[in-house]
Amino acid sequence: MTTFPEIRPVESRFRLTPELAAGAIYRKYEKASRKVWDPKQLDYEQDRADWERMTDAQREGIVTITVRFEAGEQEVTDELLPMLAAAHALGRFDWVMFIATFLLEEARHSEFFCLWHERALGLSSPEEKARYWPLREHTVDPQGRFTVGEPVYEGLPKYGQKLTAAVQSGEETAIEAAFVQFATLYCAWVEGVLTMPSYEIVIDTTEMWDVLPALRLGFKNILGDEGRHITFGTEATRVLIEKDPGYEALAHEVMDEYRGNAVGMLEYQRNVPGLDLDKYQRQKARHYLNRCREMRITPDQRLVDEILDPDIDFVVGVEAG
Amino acid sequence: MAKSWQCLDVGCGAVVSAGSDDELVKAVNAHVREAHGSYELEEMILAVAEDAPDEGEPIREEATR
């Protein structure tokens, strides 16, 4: 019969060491534990009244963003598990603790958008929401230089499967390399660059029109959570790149795969009437440079130039090809 | 401890300093709001904040490039 010490030496069963508890990732876990919010506690009545008086163009501008957010939050909730398994496999208990809050928060964001669509707009079924979904293939670069992909619906499952396979292999370097790619795509690129303009558009617009206070508050709460998710991903990636500088190329590679999504504003971000879209493109460049700084990697200056190039933009509403 | 943060908005490069983390977050957001019509998240500011050489100096802002 196996003795207890043979199963696992007693000292090694205590994972939360004083060193981990003093670290940056554990601090994020503590902060997440303090910052819990409940979508069911928000008051959706004013949003319902505002929705009734908004114009069709205003409604369209908002709902094309929120339906993408609802599905997107559900997708990222469902695709986060490989990161948790990888943190466990790498023996990083502080990462495991933080990712547990990360997963809970993504689930909460999913719940928020479901509630908002149901209580403020009266949209409950997937079919009702799908009617407002702008098709990605209708976003086209008229000069044919860039294509727009689906980093959330195609990229995350793909890199999640790669990370899962690496975890199952048990090879530390394979797990680290796949973690860098997954975290770069999820936290740095999707959450930390591509999605950031959408938050600003919704907050700016609802302030400008003085409407939808519950939606605005929900977005602000979500942004607070996302700040931790993004900087967890960039910090974890930084740690791994510091260990093996060769991983930096992997981070650039995965962002480059979905480069086309950054160089212009996408279909669901272009529907709000009267917005200065150039402002959000400039901010996208700043967010990219910030993420590179957090990961301590060298930014791709050509990408920055492309994001800011006024001659590179998409048109929407035509069939691709 | 005094902290500083540099703005990476293209063409800006302003450095914002403050006497504490909380003050830095407020000062950075004042800069980003006034100069760029935007905001920075607390976690992102603190992730790259550096110890400033002169502890306790008042908030200041300077363009560096």
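These numbers come from a predicted model, not from an experiment. (Residues numbered from 1 in each chain as written. Chains lettered and ligands numbered in written order. Predicted model: local features only at pLDDT ≥ 70, side-chain atom pairs only at ≥ 80, totals over all residues.)

Draft legend 1. Highlighting the overall build of chain B. Counting its regular elements, chain B contains two helices and four strands. Going from N to C terminus, chain B has its helices and strands arranged as β-β-α-α-β-β. The buried share of chain B, reckoned over its 65 residues, is 38%. Here the contacts in chain B between residues at least 6 apart in sequence split such that 53% fall between residues at least 24 apart. (Helix = DSSP H or I, 4+ residues; strand = E, 2+ residues; numbered from the N terminus. Buried ≥ 20, exposed ≤ 12 C-beta atoms within 10 Å, placed from the backbone. Contact = placed C-beta atoms within 7 Å.)

Draft legend 2. Examining the nonpolar core more closely. Ranked by internal contacts, the top residues of the largest apolar core, which has 72 residues, are F179, F182 and W189 of chain A together with L24 of chain B. The dominant element in this core, judged by the number of residues it contributes, is helix α10 (residues 172-194) of chain A, at 14 residues. Those residues in contact with F182 of chain A that lie beyond four places of it in its chain are P82, M83, Y159, G160 and L163 of chain A. (Core = buried A, V, L, I, M, F, W, Y, C linked by C-beta atoms within 7 Å.)

Draft legend 3. View of unusual backbone geometry. All names here are of chain A. We note that D210 has phi near 55 degrees; this positive angle belongs to a residue other than glycine. Examined against the element boundaries, D210 turns out to sit in the loop between α11 (196-208) and α12 (213-243). Overall, the presence of 8 C-beta atoms within 10 Å leaves D210 in the exposed class. Backbone geometry places R296, a non-glycine residue, at a positive phi of 55 degrees. Taking the C-beta count within 10 Å as the criterion, R296 has 15 such neighbours and is therefore assigned partly exposed.

Draft legend 4. The pairing of strand β1 (residues 3-6) of chain B, seen in detail. All names here are of chain B. Note that β1 and strand β2 (residues 15-18) share four bridges and pair antiparallel. Each bridged residue has a counterpart across the sheet, and for Q6 the counterpart in β2 is V15. As paired strands, β1 and strand β3 (residues 50-51) are joined by two bridges and run antiparallel to one another. Counterpart to S4 in the pairing with β3 is E50. (Pairing = 2+ DSSP bridges.)

Draft legend 5. Quick look at the interface of chain B and chain A. Listed per partner, the contact involves eleven residues of chain B and 18 residues of chain A. Counted by class, the side of chain B that touches chain A contains six nonpolar, two polar and three charged residues. (Nonpolar A, V, L, I, M, F, W, Y, C, P; charged D, E, K, R; others polar.)

Draft legend 6. Seen up close, helix α7 (residues 93-121) of chain A. Taking 1.5 Å per residue as the helical rise, α7 of chain A with its 29 residues ought to reach 42 Å, and the 42 Å between its terminal C-alpha atoms agrees with that figure. Within two residues after α7 of chain A, G122 of chain A carries a phi angle of roughly 75 degrees, on the positive side. (Expected span 1.5 Å × (residues − 1).)

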